[in-house]
Amino acid sequence: MSNTDLKTSKNETFIGSIDQGTTSTRFIIYDSSARPIGSHQVEFTQFYPEVGWVEHDPMEILESVRVCIAKALDKATADGHNVDSGLKAIGLTNQRETTLVWSKSTGCPLYNAIVWMDARTTSVCRKLESELSGGKTHFVETCGLPISTYFSAVKLMWLMENVDAVKEAIKKGDALFGTIDTWLIWNLTGGTNNGLYVTDVSNASRTMLMNIKTLEWDETILNTLGISAELLPKIISNSEIIGKISKGWPIAGVPIAGCLGDQHAAMLGQACKRGEAKCTYGTGAFILLNTGEEMVHSNHGLLSTLAYKLGPKAPTNYALEGSIAIAGAAVQWLRDSLGIISTASDIEELALSVDTTGGVYFVPAFNGLLSPWWRDDARGVCIGITRFTSKAHIARAVLESMCFQVRDVLDSMHKDAGETGEVKNEKGEFLLRVDGGATVNNLLMQIQADLLGSPVIRPADIETTALGAAYAAGLGIGIWKEEDILGSNEKATISTTFHPKLDEPTRKKKVECWCKAVERTFGLAELNI
């Protein structure tokens, strides 16, 4: 985006963006040209109470947002920006599917948030698959999603069945269900004092409860799963004035004017139009291909989902999505659990100390595999180990695992979209736009291009998730127009492109070996004794 593309009549106009992710929260302030002028980020606690379980403390998340806003404001002000009077709106983006239930009267969570990658609901999913006529795909035609531990509905069902406080609150009409966007907006706009109870279409599309065509909660699904519509928030678009931030927050009175799930925000931040795809490398990796106003059903293990809806009356853009549970989280595992590296950034230098993995293949199926395999019975493997194997080989195999998984998804995406569903360059190459913290790793990006056999484009600003939420908010209050964001090709001129260097026979052989490694992960969940 050119610095001259996004102009307003006021120089001192700023948009804030809350980016609430799986392992950290950040707040970034952008000027009228969509340049970041202040930010702050904090990590928060990950809870693993049992094997396969992952939880967050909703109150800690709330406090992390408060701290990030205050610190980012301080930094921007210290640099001479008049943010207090110039901040016109904020956007919000968040980790999707993560589920919590809280008390309407006290505002207190009734249980920790169950994180999107949590696998405790396997038995709930198996029961539904055996009882429903369509099995795993029973709801796909309606909501675009298979029955999986990944989605919010089964997490809510688990809470309703296993947590007494949730059962009691539902009986009393005191329970509120939400994904993280709903929790944050409710608290930011007043909480127990008339806080707004809403979710946006992109987050709602990940619950397994929304009709992907009508964009409303689906009565048939709710009845089938035994979930009351009274427990659910109102669904709104991604770009509109939602409400003002209440007293007690550092930016009281500023309107919230945009909200998107993190992967949808990244797609907007990357300005992906129909036929274009992006991959965000974070805790997991998520590839979305914009299919325009046409919803494409996948026959190859992908999800049909919302891309974005930029206003209450705006057309709905759909997407094909491939979701990978473990990407950057595998690097964190090397750091925190094995101690092979001291910081996440150390992995590039370690992996560069060897030319290959030495025949080692690592499949990070820690809680199963998502797209395109959908195997919750899978568990992680590291195979091909010999006496020659060093920590450097394992580090390189971890990086390769991220890229192999992305290739698996893109293979499916190419099959589902077909020739007419993808935009290619003048050389006939499909270009993958990338973003997220892990993309600073040049080796990772080169491996990705090598395994795809096609170019990978990294923008100058890799934090496109927060940028997308800021775009939505700016659109919501009218300081930017959609054509300003989606109509510019300026980003391509300031990006870095990684071209494949690997020869085709070697690439083909490596992919064959990877597929063998993936097959070895199946059915290993039963080893948990």
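Reading guide: rules and limits
- As a convention, each chain's residues are numbered from 1 in the sequence order in which they are written.
- Restriction of local features to residues with pLDDT of at least 70 applies here, the model being predicted, together with a cutoff of 80 or more for giving and counting side-chain atom pairs; totals for whole chains, interfaces and linings are based on all residues.
- Working from all heavy atoms in the structure, the side-chain values ignore hydrogens and water.
- A helix here means a DSSP run of H or I that spans at least four residues, while a strand means a run of E at least two residues long, and both kinds are numbered starting from the N terminus.
- Based on C-alpha atoms, the radius of gyration is set beside the globule rule, defined as 2.2 Å times the residue count to the power 0.38.
- Each residue's exposure class comes from its accessible area (1.4 Å probe, protein chains only) as a fraction of the maximum for that residue type: buried when under 20%, exposed when over 50%, partly exposed otherwise.
- In what follows, a contact means two residues having at least one pair of non-hydrogen atoms within 4.5 Å.
- Per-residue and other accessible areas were derived by the Shrake-Rupley procedure at a 1.4 Å probe size, with only the shown protein chains allowed to occlude residues.
- The charge count treats Lys and Arg as positive and Asp and Glu as negative. His and the chain ends do not count.
- Salt-bridge detection follows one rule: a side-chain nitrogen of Lys or Arg within 4 Å of a carboxyl oxygen of Asp or Glu.
- Whenever a nitrogen or oxygen atom comes within 3.5 Å of another N or O atom, the pair is scored as a polar contact, on the condition that within protein one atom can donate a hydrogen and the other can accept it, and that pairs from neighbouring residues in sequence are kept only if both atoms are in side chains.
- For two strands to pair, DSSP has to find at least two bridges joining them.
- Every axis in this analysis is a line fitted to C-alpha atoms, fitted for helices over the stretch in contact. Angles between the N-to-C directions lie between 0 and 180 degrees.
- A pocket, in this scheme, is an open set of points on a 1 Å grid over the protein atoms alone with protein on both sides within 12 Å along at least 5 of 7 lines, while a cavity is a set where a 1.4 Å probe fits but cannot get out; residues line either one if an atom lies within 4 Å of a point.
- Grid points are joined across faces, edges and corners, and a volume is the space filled by probe spheres set on the points.
- Stacked, edge-to-face and tilted labels apply to pairs of Phe, Tyr and Trp rings (six-membered ring for Trp) whose centres lie within 6.5 Å, assigned for plane angles under 30 degrees, over 60, and everything in between, in that order.
- By definition, being over a ring means that NZ of Lys or CZ of Arg is both within 6 Å of the ring centre and within 35 degrees of the ring normal.
- Remark: nonpolar core denotes a set of buried residues (Ala, Val, Leu, Ile, Met, Phe, Trp, Tyr, Cys) joined through side-chain atoms within 4.5 Å.
- Any helix carries an expected span of 1.5 Å times its number of residues minus one.
- Throughout, the arc means that of the directions going from the helix axis to the C-beta atoms.

Novice: Describe the overall build of the chain, listing the residues and the values that go with them.
Specialist: The helix and strand inventory of the chain stands at 18 helices and 23 strands. Relative to the compact-globule value of 24 Å for 529 residues, the chain shows a C-alpha radius of gyration of 22 Å, a close match. When the backbone C-alpha atoms are referred to their principal axes, the chain occupies close to 60 × 55 × 45 Å. Across the 529 residues that make up the chain, the buried fraction comes to 62%. Considering only intrachain contacts with a sequence separation of at least 6, the fraction spanning at least 24 residues in the chain is 72%. A total accessible area of about 20300 Å² is found for the chain, and carbon and sulfur atoms account for 49% of it.

Novice: Could you give an account of the side chain of Asp 218, naming the residues involved and the relevant values?
Specialist: Examined against the element boundaries, Asp 218 turns out to sit in the loop between β11 (216-217) and α9 (219-225). Of the buried charged residues, Asp 218 lacks a salt bridge, with Lys 213 as the closest side chain of opposite charge at 9.6 Å. Reaching out from Asp 218, the side chain makes a polar contact with the backbone nitrogen of Ile 221 at a distance of 3.0 Å. Beyond its immediate sequence surroundings of up to four residues, Asp 218 is in contact with Thr 142, Leu 209, Met 210 and Asn 211.

Novice: Requested: an account of the environment of Ala 438, with residues and values cited.
Specialist: By secondary structure assignment, the location of Ala 438 is in the loop between β21 (432-435) and α14 (442-452). Overall, the relative accessible area of 23% leaves Ala 438 in the partly exposed class. When the C-alpha positions of Ala 438 and Val 331 are compared, they lie 9.5 Å apart, and in sequence the two are 107 residues distant. Those residues in contact with Ala 438 that lie beyond four places of it in its chain are Tyr 281, Met 402 and Leu 444.

Novice: Please provide a residue-by-residue account of the sheet that holds strand β15 (residues 277-281), values included.
Specialist: An order of β17-β18-β16-β15-β21-β22-β23 is seen for the seven strands of this open sheet, with the pairing classed as mixed. Strand pairing shows two members of the sheet lacking a second neighbour, β17 (303-308) and β23 (496-498), which therefore form its edges. Across the sheet, the mean angle from the axis of one strand to that of its neighbour is 30°, orientation sign disregarded. Against the sheet, α14 makes contact with β15, β21, β22 (456-458) and β23, and its axis sits at roughly 155° relative to β22, the strand it touches most.

Novice: Could you give me a rundown of the side chain of Asp 31, with the residues and numbers involved?
Specialist: Locating Asp 31 in the fold gives a position in the loop between β2 (24-30) and β3 (36-43). For Asp 31, the contacting residues outside a window of four places in its chain are Thr 13, Phe 14, Ile 37 and Trp 480.

Novice: Any chance you could break down the pairing of strand β6 (residues 99-103) for me, citing the residues and the numbers?
Specialist: Within β6, five of the five residues are buried, leaving the element largely enclosed by the surrounding structure. Judged by which residues are buried, β6 turns out to be covered on both faces: Thr 99, Val 101 and Ser 103 on one side and Leu 100 and Trp 102 on the other are all buried. Of the pairings in the sheet, the one linking β6 to strand β8 (residues 175-179) comprises five bridges and is antiparallel in character. Bridge pairing in β8 places Leu 100 opposite Gly 178.

Novice: Explain empty space enclosed by the protein residue by residue, including any values.
Specialist: Empty pockets left among the atoms are what a rolling probe the size of a water molecule brings to light. Tallied over the full model, the rule gives one cavity of 30 Å³ or more. The calculated volume of the largest cavity comes to roughly 90 Å³. Looking at the largest cavity, it is lined by 14 residues, and the ones nearest its centre are Ile 324, Leu 369, Leu 370, Ser 371 and Gln 405.

Novice: Which residues make up the packing of aromatic side chains, and what values do they have?
Specialist: Enumeration according to the criterion identifies 17 aromatic pairs in this entry. Ring geometry for Trp 373 versus Phe 522: centroids 6.1 Å apart, planes at 55°, classification tilted. Taken as a pair, Trp 373 in the loop between β19 (361-363) and β20 (381-383) and Phe 522 in the segment after α18 (504-520) lie far apart in primary sequence, 149 residues in all. Judged by relative accessible area, which is 23%, Phe 522 ranks as partly exposed. An aromatic cluster is present here, built from Trp 116, Tyr 150, Phe 151, Phe 286 and Trp 374 joined pairwise through their rings. Its guanidinium or amino end placed over the ring of Trp 249, Arg 66 lies 4.1 Å from that ring's centre, counting from NZ or CZ. Here Arg 96 stacks its cationic end above the ring of Phe 286, 5.4 Å away from the centre of that ring.

Novice: Before we move on, could you go through α14 and cite the residues and values that matter?
Specialist: Most of α14 is tucked away, with ten of its eleven residues classed as buried. Along α14, the residues classified as buried are Leu 443, Leu 444, Met 445, Gln 446, Ile 447, Gln 448, Ala 449, Asp 450, Leu 451 and Leu 452.

Novice: I'd love a proper account of the nonpolar core, names of residues and values included.
Specialist: Ile 29, Met 208, Leu 225 and Leu 432 are the most contacted members of the largest nonpolar core, which totals 178 residues. In terms of residues, this core owes the most to one element, helix α13 (residues 391-417), which gives 13 residues. Each residue touching Met 208, except ones within four places of it in the same chain, is listed here: Phe 139, Cys 143, Leu 145, Pro 146, Ile 147, Ser 148, Phe 151, Ala 153, Val 154, Ile 221 and Leu 225.

Novice: Describe α18, listing the residues and the values that go with them.
Specialist: A rise of 1.5 Å per residue sets the reference length of α18, with its 17 residues, at 24 Å; its end C-alpha atoms lie 25 Å apart and thus fit the reference within 8%. Taken residue by residue, α18 has Arg 507, Lys 510, Val 511, Trp 514, Ala 517 and Val 518 as its buried positions. Seen from one end, α18 has its buried residues packed into an arc of 120°, which puts them on one side. Exposed positions of α18 whose direction lies more than 90 degrees from the buried face are Pro 505 and Lys 508. Contacts from the buried residues of α18 go to β19, β20, α13 and α14.

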